[in-house]
Amino acid sequence: MTRLAILWLLLGALIPVPSPAQGVRFATDASAPLSAKADKIIWQQAIGRADFSGAAHITQGPLSIQADTMQLLMSPSGVAQSLVSQGQVVVLSSPGPGPQDGVHRADADRAHYDLIANTLLLSGNVQVRQNGAGKAGKMSGASLQIDMQTGLARILGAPVLSGETPKNGKPGRARIELE
Amino acid sequence: MADNPETHSRRVARLRKLLPALALVACLALVFGAAPDIGQILGSKRSDQLRNALGGLAISDPVFEGNLSDDGRTYRMTAKSGTRNSDARIELKTLSLNVSPAPNGTRQSFTLNADRAELDVGKQTAQFQGNIEIDDSLGASLSAQSLTADLAQGVLYAPQGITMQTPSGTLEARTLRADTKSQIYVFEKAQLRLAPQGEAKP
């Protein structure tokens, strides 16, 4: 088992990035209503922004996100455009219908949910844990992108921060462990 | 001691003349964006006139119609009754207010309904109670059981729960404090439910 783990670590180190995270699919439902809860919401109508603080938590179908703070950004007409979560972000998805759809948990410093493109991008110390269907695994990287329509996830090695270029112009490495 | 018919008629005529202006200014200023800067509309001299004019009288089924002074929107307000309770307090029951859109399209139309409204002319405050419903022409609505307004500051406070519905979704909160001048709304213990993008109305 140890040899297998070492082998996977070596293979993981050789995987070019960005790459699809091996068999990782979060249970998602982009067509479900999005529900957000918080102790306090401050809505600044003039700039189309709502700040959530205090036990900020959102759910959309089988997927939930919790974080220290969240910001909902809206268009001038009031349509929600994106949701930015910061501080101890935890993304949880319940088991999906497929054989590989186990329980997934992703931790990160920041998450950006583009409600128009239906993508969820986690960045900063990303860790993904997978349990279910007889297998468990852990992955880490600088960022993770989830297609909220298909649930497919890609873990990326290089830091993806707005306005910032990866070091040396090259992406970093993702790390994958399977048990 | 009962008034003689002539005195009573004069009082009723005076009330009919003044109550519409008083009630209208206070109610319209209460609603989001209607006339938050009430100080410019209701000057101190006029306020004193109104305060001294209503001699403890009541009027049933009043109907008030006219134009808003700030943007020319027309209004129609009805109530089951209007009563002056004290020196500067007016109480309206079963209030219904309709305001048309601004002629230049800069301000939308809206309606307001409430079981009761108490207006304090001196303090420039108003309090609505019971089944408060505000709907605007953009499809947004607000429901509450209690709503207090500081008309001079343009601040609203709903201490007993509030529900807002917009084309994008629904927001429920335990309390709302709103500054209509800066357009900042603070909700406590809030839950927002966004409709899926495809279902949001234009």
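Residues numbered from 1 in each chain as written. Chains lettered and ligands numbered in written order. Predicted model: local features only at pLDDT ≥ 70, side-chain atom pairs only at ≥ 80, totals over all residues.

K.L.:
Would you take a moment to explain the overall build of chain B for this structure?
P.N.:
Per the secondary structure count, chain B includes 3 helices and 12 strands. Of all 202 residues assigned to chain B, the portion counted as buried reaches 32%. (Helix = DSSP H or I, 4+ residues; strand = E, 2+ residues; numbered from the N terminus. Buried ≥ 20, exposed ≤ 12 C-beta atoms within 10 Å, placed from the backbone.)

K.L.:
Even after reading the chapter, I still don't get the overall build of chain A, so can you show me in this structure?
P.N.:
Helix and strand content of chain A: 1 helix and 10 strands. Listing every helix and strand of chain A by position from the N terminus yields α-β-β-β-β-β-β-β-β-β-β. Taking all 179 residues of chain A together, 35% fall into the buried category. Considering only residue pairs separated by 6 or more positions, chain A has 52% of its internal contacts joining residues 24 or more positions apart. (Contact = placed C-beta atoms within 7 Å.)

K.L.:
Quick question: what am I supposed to make of the interface of chain B and chain A here?
P.N.:
At the junction of the two partners, chain B supplies 19 residues and chain A supplies 20 residues. Among the elements that make up the side of chain B that touches chain A, the one with the highest residue count is strand β12 (residues 184-194) of chain B (11 residues). Strand direction decides the pairing type here: strand β2 (residues 34-44) of chain A and β12(B), joined by 10 bridges, are antiparallel. The partner of K40(A) across the bridge, within β12(B), is E188(B). (Pairing = 2+ DSSP bridges.)

K.L.:
Where do I start with the nonpolar core in this structure?
P.N.:
Generally speaking, nonpolar side chains in soluble globular proteins are found buried as a group. Residue and element names in this part refer to chain A. In this structure, I41, A111, L122, V126 and L144 are the most contacted members of the largest nonpolar core, which totals 76 residues. Considering every element that reaches this core, the biggest residue donor is strand β4 (residues 63-74), with 6 residues. When residues no more than four places from it in sequence are discounted, the contact partners of A111 are I65, A67, S85, V89, V91, L120, L121 and L122. (Core = buried A, V, L, I, M, F, W, Y, C linked by C-beta atoms within 7 Å.)

K.L.:
Whenever I open this one, the pairing of strand β8 (residues 141-150) of chain B confuses me. Can you help?
P.N.:
Successive side chains on a regular strand alternate, one facing one side of the sheet and the next facing the other. Residues and elements named next belong to chain B. Judged from the 9 bridges that link them, strand β7 (residues 125-136) and β8 form a sheet pairing that is antiparallel. Across the sheet, residue T125 finds its bridge partner in β8, namely D150. Between β7 and β8, which follow one another and run antiparallel, lie 4 residues, and G139 among them has a positive phi close to 95 degrees. For β8 and strand β10 (residues 162-166), the ladder comprises 4 bridges, and the chain directions are antiparallel. Looking at β10, one finds that S141 is bridged to Q165. Here β8 pairs with strand β9 (residues 155-158) via 3 bridges, running antiparallel.

K.L.:
Got a minute to help me understand the environment of L92(A) in this structure?
P.N.:
Residues and elements named next belong to chain A. Inspection of the secondary structure puts L92 in strand β5 (residues 80-93). C-beta crowding within 10 Å serves as the criterion here: with 18 such atoms nearby, L92 is assigned to the partly exposed category. Residues L92 and Q66, 26 residues apart in the sequence, show an inter-C-alpha distance of 8.7 Å. Apart from the residues within four sequence positions on either side, L92 is in contact with S64 and R105.

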